[in-house]
Amino acid sequence: MTSPTYTDAGARRRIQDDLGSTLFVEAGAGTGKTRELIERLVRLVASGAAEQRSIAAITFTESAAAELRDRVRLRLEDAARDEALSPAERERCAAAITQLDGAAIETLHAFAQRILSEHAVEAGLPPVIDVQEEIRASIAFEERWNAYVDELLADPSMEETLLRAFTLGLALKDLRDVALQLHENWDRLEDPSIPETPLPPVDVSLVLARLDQALELRGHRANEEDKLFRHLEDTLVPYRSRLAAAGSELDRLRVLADGRRLNPGRIGNKKNWDVIAPDDIRELLSDAQSRRNATINGARAAVLTSLLSSLRAFTLTYAQERKRSGRLEFHDLLVQARDLLRQNSDVRRDVRERYTHLLIDEFQDTDPLQIEIATLIAGEDEAVTPGRLFFVGDPKQSVYRFRRADIELYQRAQERFAAGLVHLTQNFRAVQPVIDWTNHIFSRLIDPAQPGQAAYVPLEASRPPPAAGVTVRVLGGPSEDTMDPIRRREAKELAQVIRSAKAAPWQIEVDGTLTNASYRDIAVLIPTRTALPPIEEALEDAGIPYRVESRSLVYGTQEVRDLLSVLRAIDDPTDEVALIAALRSPAFACADDDLLRYRQAGGHWDYRREPSAGGPVAAALASLRSFHERRWWMPISGLVETVIRERRLFELAFAHRRPRERWQRLRFALDQARAFAEAGGRTLRQFIEWAERQAIEGTRVIETVVPEPDDDAVRIMTIHAAKGLEFPIVVLAGLNIAASHKPSRVLWGEDGAIEASLGDDSASFVTNGYEQLKQREKEMDQAEK
């Protein structure tokens, strides 16, 4: 029974007792939303409304699903012994315990796999489905992408498109980034398709017209040494001739894209001109420059649109190959299950009969596929059978928008089930001053009138204020400094606060008892790895032990970056950037003066040749040469282990205050190499490129590195890795970084249209509607923050 002392006891009673209604529970942080989901599940079982085998309890991560299963078992065991329940209710709960092993208490991906496995024939799948975990899927994509590139370059129908693309500065690696995002969202490609339109002609008439007008005015010069006149005579006359003589579309693009600046800026002295002012000429040249840029951008947009059509075909073909072979990725599970339920009424009826109730946790992290699967199971067509669905979520905790979680989708679902809207507001995690501060700040920051923002519902504290001590402290303030000084000052103040918490010491509550805080009780949360280096430096200087517990952050640490530089130098002798980084790393410890003396003595950077000079650099190059020669005869993990052992990287960790932390990072890199090899990775280059991609923000949803519980150290992790965890003391750092926004390479319009951008400022390919969608994405991003 729900305790009557709860301030939101009415909402909790409705969750447990109103089993015939579809409820949408909006629960703030720390309000025990998962507990209430479990209570509803137990009441469904105890009341006889449903058996355990017919209830699907869905959550977001595998770890959360495992915890949910354990908590359901414990609660059912308690209910089976609860004398307050009737004998029939206790008997039903006891029977439910025997059904738990096969119960659908799992992630939605696992639930989708369950549906597909039971209806493989109807889904058009082989009898046995092989779900590829992340590393295997990544390797398979790279292999399929390389094959596609070969096919693309050999395709006669794409010859003109590719010639224009390469002339305009296209890089295949940028095209791969777009292909990867299409691959991760391939279900969006089915309808509508990208229209195939012929490449438009390259019209240079307007550019020529403006150049002719400007060149006609050069006769009014009074001084042939004038810089503007010389620019017209020496640069633009031959440029205009080349552009006019270009006979083919490709030749025109070559001339347009040669980077020559038509508008020279503020050159030209009006004293050197008769009648005509230099400003008039510069205005014409500025217009010519703008028209040339517009022509280039139009040509790039047309090329990218054509390539998107080819990439769409590649993506859908690859998805069909996976379906035929039964080697599905996680996203495939959702798409195939959705399609099966949408298209096959018999399967839909069977699944509805088997799973009478769906309880969905962490609903704020859902995407359109997930909500459609839920509603297809829960009701006929648009009508959802009352009581079959139960949602729990909090829009303020939505942090997976890069995985298609969308607050607007959440709000639309909430509006659909608004008759069953329930709020949980009592927080059991934080003390009263923390709740007061949270309500004060976020009730002002969150504006429901803004797109993408939900209304803020104040939390109510259940824990009283502490007897003494500060509960909320704000560090820093407005500053005119640049970003680097701000980050260093923030890191220094952060270290001072942590040292104070340990030395004072601050008090924390453990199982109702006050005790002194230790380092392991403190978590530093940062939005991205950009904030990590100054924090590491400040903690090192203060002698504070710390652990990095997010994979993307570990990949960004100095030890792992140094190791990857060594591996890249071993793999590619021509990569001088990686070579110098490897030589300067602790693995070889060549100082800058060593490198300078080696170079001045006639040394070269190609370690495949015999060294022409001696010293530590020559010895290091000889070691790299040895590794390079052995790499083909060793597995990837064996080579990584050999580099770590022979270069004494574990021993070198003793030069730091926290060698254990360095060992953990190196062991992590070695474990990743082993996992990559076991998943089918074959070459060192594949592993290096895969490892470097892991450091990119947003590549992982679950990225927590398993902590070492006996290590008394501050824990540093990203906001994503910290989701769902609790810490006695939390420090939020790097919040100034949160305002930055890096839009996706691919954006999707509401009508299903695909807009894309690739390249950099020097060669940016952008489809015509991309900028408009990018602005909308920025507004949504700022609204959620």
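**Overview of the packing of aromatic side chains**
Tallying each qualifying case throughout the model produces 16 aromatic pairs. Measuring from ring centre to ring centre gives 5.6 Å for phenylalanine 24 and phenylalanine 363, while their planes differ by 90°; the resulting arrangement is edge-to-face. Of this pair, phenylalanine 24 sits in strand β1 (residues 23-27) while phenylalanine 363 sits in the loop between β6 (357-360) and α16 (368-378), placing them 339 residues apart in sequence. Accessibility expressed as a relative area gives 0% for phenylalanine 24, which makes it buried.

**Examining the pairing of strand β14 (residues 513-516)**
A regular strand places its side chains so that they alternate between the two faces of the sheet. Two strands pair when backbone bridges link them, and strand β13 (residues 507-510) and β14 are joined in this way by 4 bridges, in the antiparallel orientation. Paired with glutamine 507 across the bridge in β14 is asparagine 516. Following β13, the chain reverses through 2 residues before pairing antiparallel with β14; aspartate 511 in that reversal takes a positive phi of roughly 55°.

**Side note on helix α15 (residues 345-354)**
Val347, Arg348, Val351 and Arg352 are the residues of α15 that are buried. For α15, the buried positions fall inside an angular range of 135° around the axis, keeping them on one side. With respect to the buried face of α15, the exposed residues turned more than 90 degrees away are Asp346 and Glu353. Looking at where α15 begins, the residue whose side-chain oxygen comes 3.0 Å from the main-chain nitrogen of aspartate 346 is asparagine 344.

**Let's talk about the sheet that holds strand β16 (residues 546-548)**
Strands pair in a sheet through their backbones, by hydrogen bonds, and they do so in one of two ways: parallel or antiparallel. Here we have 4 strands laid out as an open sheet, ordered β16-β17-β15-β18, and parallel in their pairing. Looking at strand neighbours, the two that pair on one side only are β16 and β18 (729-732), the edges of this open sheet. Neighbour-to-neighbour, the strand axes of this sheet turn through a mean angle of 25°, independent of strand direction. Across 4 bridges, the pairing between strand β15 (residues 522-526) and strand β17 (residues 714-718) is parallel. Paired with valine 524 across the two strands is isoleucine 716, which belongs to β17. Contacting β15, β16 and β17, helix α20 (residues 532-541) runs over the sheet at an angle of about 160° to β16.

**Section: helix α10 (residues 205-216)**
When the terminal C-alpha atoms of α10 are compared, their 16 Å separation across 12 residues agrees well with the 16 Å that a helix rising 1.5 Å per residue should span. Buried within α10 are the following residues: Val207, Leu208, Leu211, Ala214 and Leu215. Each buried residue of α10 sits inside an arc of 125° when the element is viewed along its axis, so together they form one side. Considering only its buried residues, α10 is in contact with α11 (227-245) and α13 (278-325).

**Here we look at the pattern of salt bridges**
Evaluated as defined, the whole model comprises 62 salt bridges. For the salt bridge of arginine 35 with glutamate 36, the shortest nitrogen-to-oxygen distance reads 2.8 Å. In this structure, the salt-bridge partner of aspartate 592 is arginine 584, at a minimum N-O distance of 2.8 Å. Salt bridges sharing common partners tie together Glu536, Glu540, Arg547, Glu549, Glu559, Glu661, Arg662, Arg665 and Arg715.

**A few points about the layout of surface pockets**
The space that makes up the second largest pocket amounts to roughly 580 Å³. Around the second largest pocket sit 27 residues that line it, and Gln558, Glu559, Asp562, His656 and Arg662 are the ones nearest its centre. For the lining of the second largest pocket, the secondary-structure elements that each account for two or more residues are α20, α22 (558-571), α27 (649-652) and α28 (659-678). When residues of the lining of the second largest pocket are assigned to their parent elements, the largest contribution, 6 residues, is made by α22. Residues that form the lining of the second largest pocket fall into these classes: 12 nonpolar, 6 polar and 9 charged.

**Some details on the nonpolar core**
Membership of the largest hydrophobic core comes to 97 residues, with the highest contact counts inside it found for Phe111, Leu116, Trp145, Leu182, Ile281 and Leu311. Within the second largest apolar cluster, 72 residues are counted, among which are Ala501, Leu684, Ile716 and Ala733.

**Some remarks on the environment of leucine 340**
Within the secondary structure, leucine 340 is located in helix α14 (residues 330-343). Taking relative accessible area as the criterion, leucine 340 reaches 5% and is therefore assigned buried. Each C-alpha atom, one on leucine 340 and one on alanine 123, is 5.7 Å from the other, the two residues being 217 residues apart in sequence. When neighbours within four sequence positions are excluded, leucine 340 is seen to be in contact with Ile115, Leu116, His119, Glu122, Ala123 and Val347.

**Focus: the confidence of the model for the chain**
Summary statistics for the chain give a mean pLDDT of 85 and a share of 91% for residues scoring 70 or more. Predicted confidence for residues 697-703 stays below pLDDT 50, and this span has 27 contacts to residues more than four positions away or in other chains.

Criteria and thresholds
Residues numbered from 1 in each chain as written. Predicted model: local features only at pLDDT ≥ 70, side-chain atom pairs only at ≥ 80, totals over all residues. Heavy atoms only, no water. Phe/Tyr/Trp six-rings, centres within 6.5 Å; stacked < 30°, edge-to-face > 60°. Helix = DSSP H or I, 4+ residues; strand = E, 2+ residues; numbered from the N terminus. Buried < 20%, exposed > 50% of the residue type's maximum accessible area, 1.4 Å probe, protein only. Pairing = 2+ DSSP bridges. Arc of directions from axis to C-beta. Polar contact = N/O pair within 3.5 Å; in protein donor to acceptor, adjacent residues only side chain to side chain. Axes fitted to C-alpha atoms, helices over the stretch in contact; angles between N-to-C directions. Contact = heavy atoms within 4.5 Å. Expected span 1.5 Å × (residues − 1). Salt bridge = Lys/Arg side-chain N within 4 Å of Asp/Glu carboxyl O. 1 Å grid on protein atoms, 1.4 Å probe; cavity = no way out; pocket = protein on both sides within 12 Å on 5 of 7 lines; lining within 4 Å. Points joined across faces, edges and corners; volume = space filled by probe spheres on them. Nonpolar A, V, L, I, M, F, W, Y, C, P; charged D, E, K, R; others polar. Core = buried A, V, L, I, M, F, W, Y, C linked by side-chain atoms within 4.5 Å. pLDDT = per-residue confidence, 0-100.

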